[in-house]
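Here is how the chains run, residue by residue.
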Amino acid sequence: MSFCKRSHFVRAAALLLASASPVFAADAQYATQLDPSAFDNSTVKNNAGIGHVSATLSGTTLTITGDYSGMGFDATAAHVKLGLAKGEPGHVIGELKVTGGGSGQVSGSIKLNATQIKALNLGDISVVVDNTKAGPYGSLWGWLSGNNLTS
Amino acid sequence: MSRKGKFLATAMAAVSMGGAYAVAQNATGPFTQAQVTAGRADYIANCAGCHAANLGGSGDAPSLTGATFNSSWSAKSTKEFYQFVSTSMPYGNAGNLSAEAYGNVISFILAVNGAKPGSAALTKDSDVRIGSIANGQAVAAVLGGGGAAAPAVRTAQTGAAPAAGDGDAPAPPRGGRAANPFPLGQTVQGTVKNYQDITDDMLVHPSDNDWLMGRRTYQGWSYSPLSQITPDNVKNMQLQWSWAMNPGGAVEVSPEVHNGIMFLSNTSNTIQAIDAKTGELIWENRLGPQASAAYSGTRSIGLYKDKVFVATTDAKIHALDARTGKTVWTTVIDTPPKSETGGVTVIHGKVLTGLMGCDQFSVTGCYISAYDTETGRQLWKFQTNAQSTQPGGDTWNGIPDNIRGGTDTWIAGSYDPELNTTYWGVAQAKPWMRASRGTAAAPALYSTSTLALDPDTGKLKWYFQHVPGESLDLDVVFERVLIDHGDQKTVMTIGKDGLLWKLDRVTGKFLDVRETVFQNVFQKIDHKTGQVLYRDDILNQKTGQYYASCPGPEGGKDWPPMSYNQASDLLIIPEAQSCVMMNGREVDKKIGGGGTAATQLFYFMPGTNQNMGHLFAINTTTMQTAWDWQQRAPFLSGVVSTGGGVGFVGDFNREWKAFDVKTGKILWRTRLGQTVEGYPTSFAVDGKQYVAVTAGTGGGSPEQKPSTLLTEVHRPVEGNGHQLYVWALPSN
């Protein structure tokens with residue numbers, strides 16, 4: 001094969017490889033403060049506390065780490081939820097781990113589909129921590145927001 | 001199964017169902033007759049002020065009987081009910097009754113709703129499903145044959161019953177011995193010397209020294225042209241005098257001043273004339289009724305010719321002699337639970353007023369009305385809940401006229417003398433949620449609208465409905481601020497939803513709308529037409545389910561007024577930031593039924609770091625943000641700005657601040673004895689500029705939400721610390 005033919009071949013092969021490989025955007029960062037979930041005077045003590053969470057979207061994997069403190073009751077679980085809008089509780093789309101106690105860490109990873117990624121960038125995805133007295137909206141919650149927000 | 005067998009099975013099912021119903025009717029509750037009897041008195045003393053003597057509810061306080069009570073509590077237990085009441089109530093004093101009193105009140109409420117007393121006393125641990133003992137049907141005999149006795153005044157000192165009688169009856173002098181600790185009538189006699197009658201021209205072109213109406217001028221700017229106080233010297237301001245005000249109710253008043261005399265409304269519908277320089281009381285007329293509810297006072301009074309005009313919380317309007325305080329005439333607007341708290345607007349010989357208490361279904365509905373300033377004769381009324389025979393009457397989904405609740409008007413209107421047009425905001429239809437009121441997607445005119453009326457006839461010139469079929473207690477009822485941009489005459493307003501609207505006030509044409517806080521209730525806002533579209537779940541709402549609303553009924557924007565600073569062309573807006581989950585309840589569709597009928601859970605607005613206060617300045621020509629800042633506590637006073645370039649605002653956590661109008665920079669702050677709550681004003685006497693504001697407690701969502709969310713803020717007990725404060729620069 002002549003040099004010219006070889007270089008054309010190499011270029012064509014490179015183009016073919018490039019088109020066949022998925023092109024991943026750079027990782028996107030999100031964060032939220034965890035505030036008391038909706039309550040009234042009769043449940044205010046159940047939802048005391050505060051937390052901070054950061055999240056990284058790498059491809060379709062959302063990895064979450066964070067902490068919570070000041071809860072009057074032991075943490076039992078944490079979830080990722082998809083709402084109709086930022087500030088709307090929504091439904092569970094993934095589970096996270098908590099270390100337990102009134103103060104501790106929350107972590108985990110979940111896979112998101114295209115709709116959920118779009119929702120994430122609209123601010124519609126929340127992190128919720130439950131404790132032993134959690135009501136229907138959990139105990140602490142916060143909606144992830146980051147540089148990619150499109151809302 | 002044979003036909004006979006099927007018939008028997010059906011009959012047995014019917015008997016068992018009927019039997020179950022019979023059980024519910026006759027089942028005894030976990031409380032005693034003695035608790036019911038004591039509970040009636042405890043309820044009157046602690047609950048009736050908000051929930052009404054007949055448990056029918058009022059404003060933010062839901063009905064405690066009927067379909068609303070049933071839909072909220074029948075599936076829950078007496079233990080849950082006790083837990084909720086004992087941690088949430090009484091409003092402003094939650095958790096501070098004795099266990100015995102809570103047991104009594106709950107027993108009374110259950111008995112009113114059909115539960116029968118038994119032999120065991122109710123405690124916090126009594127655990128019976130409410131629907132198994134009570135059916136929500138009010139028992140008149142338990143209420144006391146047509147309703148419990150009139151609520152007693154709720155003060156820190158006594159729960160004694162109020163004196164009967166009208167505002168003109170002579171009463172024992174202040175400080176003298178009286179059988180009633182709070183006598184009504186003219187309690188301080190005096191005469192304002194050298195009083196100058198207020199003319200139409202003075203209302204249109206007021207002296208810089210005066211503050212003649214709630215927001216100073218017909219344009220509703222809450223702005224004083226006085227310039228003695230500047231960003232450089234405001235830090236030198238000193239308290240000149242203060243004045244303790246009536247306890248109870250909500251202090252949301254505007255100290256109005258004419259020629260050195262301050263006319264101040266207090267709760268318990270009391271009007272005082274005070275020397276604005278010295279704080280010396282000249283005369284006092286306690287029109288009554290006494291403070292027994294969340295509001296109990298008026299946000300503004302009218303000053304015109306030789307009279308002071310006051311609309312009171314029992315839906316009356318009074319004219320007082322400005323010199324002496326003596327009542328000249330009294331006209332009944334409507335009957336309780338109708339009320340008036342928004343104040344009046346006086347326009348060439350007519351005093352206009354709105355109406356509150358329209359949440360309960362009634363024959364008369366809701367309206368704005370006008371009265372002759374000389375005689376009190378009613379001149380016209382404009383129905384804000386359009387009746388079926390009126391224009392706009394076909395917008396309520398066909399529900400009967402007397403089941404069209406809400407459309408209250410609880411902020412006094414503005415006025416353009418050149419156009420001879422008055423502008424009013426109308427509240428939402430009630431019950432709050434469309435699923436409760438049965439209006440479906442119908443717009444329900446003239447709810448959540450700006451009305452432009454002819455003040456001489458009450459005729460509607462135009463209307464603009466901001467949120468058709470509003471469904472989350474996010475009414476757009478607040479001040480209409482009139483601003484000219486060259487030849488363009490606009491009216492601007494902002495509602496609880498935080499949407500700032502700009503309309504052409506000649507034609508009502510939509511010009512612009514701008515979001516000022518985070519909101520998630522509208523999925524679409526059309527900036528070309530002003531049309532808004534709710535989130536799908538809100539459009540398809542059902543009773544008994546929670547829906548998220550950011551902002552919630554605290555706002556966004558609520559009654560504390562914004563200020564238009566003409567020199568900078570800035571609207572400076574005191575805003576709140578909180579959200580709710582709201583759950584609409586069923587209501588009784590009959591006269592006396594209705595109410596607001598929704599349960600709420602509160603939460604901090606996402607993305608605010610739990611900052612509930614937002615002070616926001618926007619250029620009204622460009623509709624661009626000039627500056628803004630947030631703080632933990634929400635603002636419960638309006639903003640007043642001045643010609644010197646200084647603005648003032650106060651908050652829930654008792655801070656009163658001065659800021660630079662151009663930049664928002666805080667220049668000075670001080671701490672008062674109670675939440676800073678009211679309409680601040682600025683006036684001058686003998687060449688000296690003063691700034692005045694009230695402090696106190698009471699009110700609806702603007703106080704309720706931070707009381708629950710800001711758990712670290714501790715205030716003096718509700719009812720204490722109602723006070724007027726007046727500042728100025730030192731004389732030298």
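None of the values given here were measured: they were computed from a predicted structure. (Residues numbered from 1 in each chain as written. Chains lettered and ligands numbered in written order. Predicted model: local features only at pLDDT ≥ 70, side-chain atom pairs only at ≥ 80, totals over all residues.)

Visitor: Quick question: what am I supposed to make of the overall build of chain B here?
Guide: Counting secondary structure elements, chain B contains 11 helices and 41 strands. Taken over the C-alpha trace, chain B has a radius of gyration of 26 Å; the compact-globule value for 732 residues is 27 Å, and the two agree within 12%. Seen along its three principal axes, the alpha-carbon backbone of chain B occupies a region of about 95 × 65 × 50 Å. Each of the 732 residues in chain B was classed as buried or not, and the buried ones make up 60%. Within chain B, counting contacts between residues at least 6 apart in sequence, those at least 24 apart form 64% of the total. (Helix = DSSP H or I, 4+ residues; strand = E, 2+ residues; numbered from the N terminus. Rg over C-alpha atoms; globule rule 2.2 N^0.38 Å. Buried ≥ 20, exposed ≤ 12 C-beta atoms within 10 Å, placed from the backbone. Contact = placed C-beta atoms within 7 Å.)

Visitor: Where do I start with the interface of chain B and chain A in this structure?
Guide: The extent of an interface is frequently quoted as the accessible surface area lost upon association of the parts. Facing 22 residues of chain B, the contacting portion of chain A comprises 19 residues. Those elements giving two or more residues to the side of chain B that touches chain A turn out to be α5 (78-88), β31 (578-584) and β32 (598-604) of chain B. For the side of chain B that touches chain A, the class distribution of residues is 11 nonpolar, nine polar and two charged. (Nonpolar A, V, L, I, M, F, W, Y, C, P; charged D, E, K, R; others polar.)

Visitor: How should I be thinking about the packing of α5(B) against helix α6 (residues 99-112) of chain B in this particular structure?
Guide: Helix-helix packing: each pair is described by the crossing angle between the helix axes and the interaxial distance. Residue and element names in this part refer to chain B. Direction vectors running N to C along α5 and α6 enclose 125°, while the axes themselves pass 10 Å from each other. One way to sum up the angle between α5 and α6 is to call them oblique. In terms of crossing hand, the pair formed by α5 and α6 is right-handed. Contacts between α5 and α6 pair Phe 81, Tyr 82, Val 85 and Ser 86 from the former with Tyr 102, Val 105 and Ile 106 from the latter. (Axes fitted to C-alpha atoms, helices over the stretch in contact; angles between N-to-C directions. Parallel < 35°, antiparallel > 145°, perpendicular 65-115°, else oblique. Left-handed = near helix turned anticlockwise from the far one by under 90°.)

Visitor: Can you help me understand helix α4 (residues 66-73) of chain B in this one?
Guide: A turn of α-helix holds 3.6 residues, and therefore any two residues three or four places apart point the same way. Residues and elements named next belong to chain B. Within α4, eight of the eight residues are buried, which leaves the element mostly enclosed by the surrounding structure. Every buried residue of α4 is listed here: Gly 66, Ala 67, Thr 68, Phe 69, Asn 70, Ser 71, Ser 72 and Trp 73. Considering only its buried residues, α4 is in contact with α5 and β32.

Visitor: What exactly am I supposed to notice about the pairing of strand β2 (residues 50-58) of chain A here?
Guide: The two faces of a sheet get side chains in turn, since along a regular strand they alternate between them. Residues and elements named next belong to chain A. Residues Gly 51, Val 53, Ala 55 and Leu 57 line the buried face of β2, whereas the alternating positions Ile 50, His 52, Ser 54, Thr 56 and Ser 58 sit on a face that is not buried. Summarising the sheet, strand β1 (residues 28-36) and β2 pair through seven bridges and their orientation is antiparallel. Looking at β2, one finds that Thr 32 is bridged to Val 53. As judged from the nine bridges shared by β2 and strand β3 (residues 61-69), these two strands associate in the antiparallel manner. (Pairing = 2+ DSSP bridges.)

Visitor: Any chance you could explain the sheet that holds strand β29 (residues 563-565) of chain B here in plain terms?
Guide: Strand pairing in a sheet takes place through backbone hydrogen bonds and is either antiparallel or parallel in direction. All names here are of chain B. Pairing is antiparallel across the open sheet formed by four strands, whose spatial order is β29-β30-β33-β34. Each of the sheet's edge strands pairs with one partner strand only, and the pair in question is β29 and β34 (625-631). Recorded for the sheet is a direction-independent mean angle of 15° between the axes of neighbouring strands. With three bridges connecting them, β29 and strand β30 (residues 570-576) associate as antiparallel partners. By the bridge assignment, Ser 563 is partnered in β30 with Ile 572.

Visitor: I tried to follow the environment of Ser254(B) on my own but got confused; where do I start?
Guide: Assignment of secondary structure puts Ser254(B) in the loop between β3 (238-244) and β4 (256-258). Spatially, the C-alpha atom of Ser254(B) lies 40 Å from that of Gly103(B), the residues being 151 residues apart in sequence.

Visitor: What exactly am I supposed to notice about the confidence of the model for chain A here?
Guide: Residues shown with low pLDDT carry predicted positions that ought not to be read at fine detail. On average, residues of chain A score 87 in pLDDT, and 80% of them reach the 70 mark or higher. Here residues 1-7 of chain A is modelled with pLDDT under 50, and outside its nearest four sequence neighbours on either side it reaches one contact, counting other chains as well. (pLDDT = per-residue confidence, 0-100.)

Visitor: Hey, could you run me through the sheet that holds strand β8 (residues 302-304) of chain B in this one?
Guide: All names here are of chain B. One open sheet holds the four strands; their spatial order is β8-β9-β10-β11, and the pairing between them is antiparallel. A strand with exactly one partner marks an edge of an open sheet, and here the two such strands are β8 and β11 (327-332). The sheet shows a mean angle of 20° between the axes of neighbouring strands, taken without regard to direction.

Visitor: How do you make sense of the environment of Pro30(B) when you look at a structure like this?
Guide: Residues and elements named next belong to chain B. Its place among the elements puts Pro 30 in the loop between α1 (3-26) and α2 (33-46). Judged by local crowding, Pro 30 falls into the buried class, with 25 C-beta atoms found within 10 Å. Along the chain, Pro 30 and Gly 508 lie 478 residues apart, while their C-alpha atoms are 59 Å from each other. Among residues more than four places away in sequence, those in contact with Pro 30 are Thr 78, Gly 118, Ala 120, Leu 122, Ser 126 and Val 128.

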